Amino acid sequence: MQVELQAHIAFHLTGRMAQGAFDANAQSDLHPAVFAGYRDLTALRYDFPLVLMRAGGDRQSVQSLSGLIDGALRDVAANGDDERVRKHAIRLEREVRKLVAEGMAGPLSKLWSIAAARIDTKTDELLENSLNRLRAALKTDGEVIDCDKAMPFRLFRHLWQIEQDRKARKLRADINTLVMKLSDILSAEFVRSKEGLSAERLRASVGAAHQSAFDFDAMSRLLAESTVNVPMPESRRRRVRGLLSTLRAQRFYWPASDGEKGIDVGEPYSFVFEKCSDAVAAYRERLPKMIELAKAIAVARLEIESEYGEARHDAFFEEFGDNGLDPEDLALFPDYLICLSAADLVASECDLILQALAEGLPVKVLVQTDDLMEGSLTGGDYLISGLRSREIASTAIGFGTNYVLQSDSSGLFRLREQIARGLAYPGPALFSVFSGASGTRIPPYLTAAAAAESRACPAFTYDPSAGPDWASRFSLQANSQIDLDWPLQRFDYEDEEHQLVSENLAFTLVDFAACDPRFARHFARVPRVKWSADLVPVTEFLAREPKDLSGKVPCLLMVDDGNRLQKVIVNERLVREARRCAEAWRSLQELGGVHNSHAARLVEQERQVWAEQSRPVAAPEAKQTDAAPAEASAASDSAPAEAVAERSSDDPYIETARCTSCNECTQINDKMFGYDANKQAFIKDINAGTYRQLVEAAENCQISIIHPGKPRNPNEAGLDELMQRAEAFR
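Bear in mind the structure is a predicted one, so any value in this text is a computation, not a measurement.

A. Region of the structure containing the overall build of the protein chain. A tally of regular secondary structure across the protein chain gives 24 helices and 25 strands. Here the protein chain holds 730 residues, and 48% of them are scored as buried. Within the protein chain, residue pairs in contact and separated by at least 24 positions form 69% of the contacts whose partners lie at least 6 positions apart.

Laid out in structure tokens, this is it:
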């Protein structure tokens, strides 16, 4: 046994394997234990694939396939056959998910038809009926996208386009109104002129059927004698005509009205770029035209109100834009969407991005990282870093005026509102996304989700418009179990005696590294016959205050392709990397107000002051009398302020503090579920919905914080199956 322990310690410290002590390095047939239930994503209901909707508001513009199916089910399940329709819907949804996983692309209507054909609805009339009703309930269509390497760019461009279309509609309407009113000024001046009052012009203004009824020569003579014609100054006429020319010739959006589409002004500018240098060059080139258009809009508004005074305004507008455009004027124009790959970023591009953010250019920058693994400076080994994207994100936050969002790709759907808010933010915005498409055999969705869970790529948002301080601007709420160093996942397995064992396993950076074959040499698989008490969970080595672990070796639970439990020893190099990751996460926690050391220090100081002030001053003659209240006070201080009754497992509840505000439950029933002041879900009225809706909400919840308990209505249909489904959330 001592020999085996020495071999285990030697590998942990040096990475060298003693002959016969281990099976081998952990190869690609091993996965972290909590991955055991995620081998076939097509069999699971989760956020992806997404549907980029062609119609709908900001919130409805991106939907999950599961969410659309659930919505259709709520619309059609009114004929007493809801359970049958639900099973058919889930079957079709799974088939669509398989098609997308196989690489098929296209609108949902196309994939729906192919999936329906693959499950052969023609031989099952009830199935065909269910799918026809469901398809009719889906009143919109959209492109279906999976969580792959291309997804972040496609999603952000879709949401960016929605925001630009909104801005375009507003500016088109404003320009159209200005053009119409400026044209009216010229028309009114012409109507009062000698030419406008001529007999020929008057005759042309009357329909041919009535021309013989009037003496247009006499009419022209009378109107000319009675009209006081004060000619428009030529300088104003030139100014109004120049404004019309500028407004009609703008290339930032399509023409403002159908009547202007005949004007040959060229194609509108493009605002999507793959290099920051190209975007900055385009901005510089177009800036004079932007200033010209913003100036024309300002002058046109004054002209329409007859408030433009040459003596007062000429000098001012002569210098208009010399210092660039202010934020209000910049907001009129489209934002520049810059989609970058972190792998292609060179130092000059990074510097340019930061300069553009610092100067407040109207840019929305997406930096996509496909691989967090980077080569070490000390050799060819890999370490987990994502340095470029981290550096840019932290620097952008430091500027204080940029909207910044970081996420992995698996969490983008849940953050769609924050993304839309960032794209609409009146200033620069930076989005840093880890796609998970690092080339391993694990699907990008799982790799990305593992990065988020392991704190390798924690999600956060920094929104300067949310308030004046860090508490309102910075949020970590999109992460799971933010109060912990490492989130806990329930893991059930069968032991050698065929008994069910349940454990809460922490998912750490070591688990994330174990997903990547490039880290295989940092793990050594221990034969089952050599498992011993010296193998302890790696989390004990990663604790904030680790206990004495002399003679112990960190190990990780993994499963092989046969779903057999394995233990692997972890190299010290990887343990150090995980500790650095934990420290970085703790720094973010402090920024997000979690375990904030400054707050804890103030609380302790206040507690000591309060204790000092509350200490009773006993009179010498009444020491015995005053002791009892003092003892009672001390006893009450040491006891909890309020006893918390143990919750019955029969009662439904939500772990509100962990809610990520994904809206999945409120979309099912917003009378049963609601949000508190922190926009975190709770059960608002248990009697406002059914047990089925409780179970469906629990199944749709991305972080499994909804617990349905037991049904309150014993007569609800399908309770046996629902209680079986609810068992997973007890």
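So, next bit.
B. Structural view of a negative patch on the surface. Together, D314, E318, E319 and D322 line one region of the surface with negative charge. By the element assignment, D322 lies in the loop between helix 11 (310-318) and helix 12 (327-330).

C. Highlighting helix 10 (residues 276-304). Relative to the 42 Å expected for 29 residues at 1.5 Å per residue, helix 10 spans 40 Å between its end C-alpha atoms, a close match to the ideal helical length. At R286, helix 10 is deflected by roughly 45°, the largest bend along its length, and proline P288 occurs up to four residues later in sequence. Positioned one or two residues after helix 10, S306 has a phi angle of 55°, which is positive.

D. Here's a closer look at helix 20 (residues 597-614). Taking 1.5 Å of rise per residue, 18 residues should cover 26 Å, and helix 20 covers 25 Å from first to last C-alpha, within 8% of that figure. The distance from a side-chain oxygen at the start of helix 20 to the backbone nitrogen of H598 is 3.0 Å, and the residue carrying that oxygen is N596.

E. Representation of the packing of helix 10 against helix 13 (residues 347-358) within the structure. At a minimum axis separation of 9 Å, helix 10 and helix 13 run at an interaxial angle of 45°. Relative to helix 13, the element helix 10 is oriented oblique. Counting all contacts with helix 10, which are made through C276, S277 and V280, the residues of helix 13 involved are E349, L352 and I353. Class assignment of the residues belonging to the contact of helix 10 with helix 13 gives a composition of four nonpolar, one polar and one charged.

F. Quick peek at the sheet that holds strand 14 (residues 460-462). Taken together, seven strands build an open sheet; the order of strands is 7-8-9-13-12-14-15 and the sheet is mixed. With partners counted over all chains shown, the strands left at the sheet margins are strand 7 (272-273) and strand 15 (474-475), one partner each. Pairing between strand 14 and strand 15: two bridges, direction antiparallel. By the bridge assignment for strand 15, Y462 is matched with F474. Set on the sheet, helix 10 makes contact with strand 7 and strand 8 (336-341); between it and strand 8 the angle comes to about 170°.

G. Summary view of the packing of aromatic side chains. For the structure on display, the rule yields 18 aromatic pairs. With a centroid separation of 5.0 Å and an interplanar angle of 70°, the aromatic rings of F271 and Y336 are classed as edge-to-face. Here the residue F271 occupies a position in the loop between helix 9 (234-249) and strand 7, and Y336 occupies one in strand 8, the gap between them amounting to 65 residues. Given a relative accessible area of 1%, Y336 falls into the buried group. With centroids separated by 5.0 Å and ring planes inclined at 85°, the aromatic side chains of F316 and F317 adopt a geometry described as edge-to-face. Note on F317: relative accessible area 6%, which makes it buried. An aromatic cluster is defined as three or more aromatic residues linked by ring pairs; in this entry it consists of F156, Y403, Y425 and F431. Stacked on the ring of F271, the Lys or Arg R286 has its end atom at 4.9 Å from the ring centre.

H. Structural detail: empty space enclosed by the protein. Counted according to the given criterion, the structure contains seven cavities of 30 Å³ or more. Reported here for the largest cavity is a volume of approximately 90 Å³. C659, C662, C665, C701 and I705 are the residues nearest the centre of the largest cavity, which is lined by 15 residues in total. When the residues that make up the lining of the largest cavity are grouped by side-chain class, the tally is ten nonpolar, four polar and one charged.

I. Layout of unusual backbone geometry. Backbone torsion omega between F48 and P49 reads 0°, so that peptide bond is classified as cis. You will see that S704, though not glycine, has its phi angle at about 55°, which is positive. Relative to the elements of secondary structure, S704 occurs in the loop between helix 23 (691-700) and strand 25 (706-707).

J. Inspection of the packing of helix 3 (residues 82-101) against helix 5 (residues 125-137) at higher detail. Relative orientation of the contacting elements helix 3 and helix 5 amounts to 80°, with a least axis distance of 9 Å. By the angle between their directions, the pair helix 3 and helix 5 is classed as roughly perpendicular. Contacts between helix 3 and helix 5 involve R84, V85, H88, A89, R91 and L92 from the former and L126, L127, N129, S130, L131, R133 and L134 from the latter. Looking at the contact of helix 3 with helix 5, its residues break down into seven nonpolar, three polar and three charged.

K. Focus on the pairing of strand 16 (residues 488-494). Of the strand pairs in this sheet, strand 16 and strand 17 (residues 500-506) are connected by seven bridges, and their pairing is antiparallel. Bridging from a neighbouring strand, Y493 pairs with V501 of strand 17. Turn length for the strand 16-strand 17 hairpin, with the two strands adjacent in sequence and antiparallel, is five residues, and the turn residue H498 shows positive phi of about 60°.

L. Summary view of the sheet that holds strand 3 (residues 50-53). Within the open sheet, the four strands sit side by side as 4-3-6-5. Their pairing is antiparallel. Each of the sheet's edge strands pairs with one partner strand only, and the pair in question is strand 4 (62-64) and strand 5 (106-107). In terms of strand pairing, strand 5 meets strand 6 (residues 142-145) through two bridges, oriented antiparallel. Across the sheet, G106 pairs through a bridge with V144, a residue of strand 6. Its contacts with the sheet place helix 2 (residues 65-76) against strand 3 and strand 4, and it is angled at close to 80° to strand 4.

M. Representation of the pairing of strand 6. Summarising the sheet, strand 3 and strand 6 pair through four bridges and their orientation is antiparallel. Paired with L52 across the bridge in strand 6 is E143.

N. Representation of the nonpolar core. With 140 residues, the main nonpolar core has L247, L430, F512, F523 and L556 as its most contacted residues. Counting residues in hydrophobic clusters, the runner-up holds 26 residues, among them V85, L92, L131 and L138.

O. Spotlight on the pattern of salt bridges. This model, assessed by the stated rule, comprises 35 salt bridges. E143 is the partner of R154 in a salt bridge, and the nearest nitrogen-oxygen pair spans 3.9 Å. Of this pair, R154 sits in helix 6 (residues 151-191) while E143 sits in strand 6, and the two are eleven residues apart along the sequence. Across the pair R579 and E572 runs a salt bridge, and its minimum N-O distance is 3.6 Å. Since its relative accessible area comes to 15%, E572 is described here as buried. Sharing partners across several salt bridges, the network here consists of E83, R86, R692, E699, E721 and R725.

Rules used throughout
Residues numbered from 1 in each chain as written. Predicted model: local features only at pLDDT ≥ 70, side-chain atom pairs only at ≥ 80, totals over all residues. Heavy atoms only, no water. Helix = DSSP H or I, 4+ residues; strand = E, 2+ residues; numbered from the N terminus. Buried < 20%, exposed > 50% of the residue type's maximum accessible area, 1.4 Å probe, protein only. Contact = heavy atoms within 4.5 Å. Patch = residues over 30% accessible without salt bridge, like charges linked within 9 Å, V, L, I, M, F, W, Y side chains within 5 Å. Areas by Shrake-Rupley, 256 points an atom, 1.4 Å probe, with all protein chains shown as cover. Salt bridge = Lys/Arg side-chain N within 4 Å of Asp/Glu carboxyl O. Lys, Arg positive; Asp, Glu negative; His and termini not counted. Charge placed at Lys NZ, Arg CZ, Asp CG, Glu CD. Expected span 1.5 Å × (residues − 1). Bend = angle between axes of the 7 residues up to and from the residue. Polar contact = N/O pair within 3.5 Å; in protein donor to acceptor, adjacent residues only side chain to side chain. Axes fitted to C-alpha atoms, helices over the stretch in contact; angles between N-to-C directions. Parallel < 35°, antiparallel > 145°, perpendicular 65-115°, else oblique. Nonpolar A, V, L, I, M, F, W, Y, C, P; charged D, E, K, R; others polar. Pairing = 2+ DSSP bridges. Phe/Tyr/Trp six-rings, centres within 6.5 Å; stacked < 30°, edge-to-face > 60°. Lys NZ or Arg CZ within 6 Å of the ring centre and 35° of its normal. 1 Å grid on protein atoms, 1.4 Å probe; cavity = no way out; pocket = protein on both sides within 12 Å on 5 of 7 lines; lining within 4 Å. Points joined across faces, edges and corners; volume = space filled by probe spheres on them. Core = buried A, V, L, I, M, F, W, Y, C linked by side-chain atoms within 4.5 Å.

The analysis is restricted to geometry; functional conclusions fall outside its scope.
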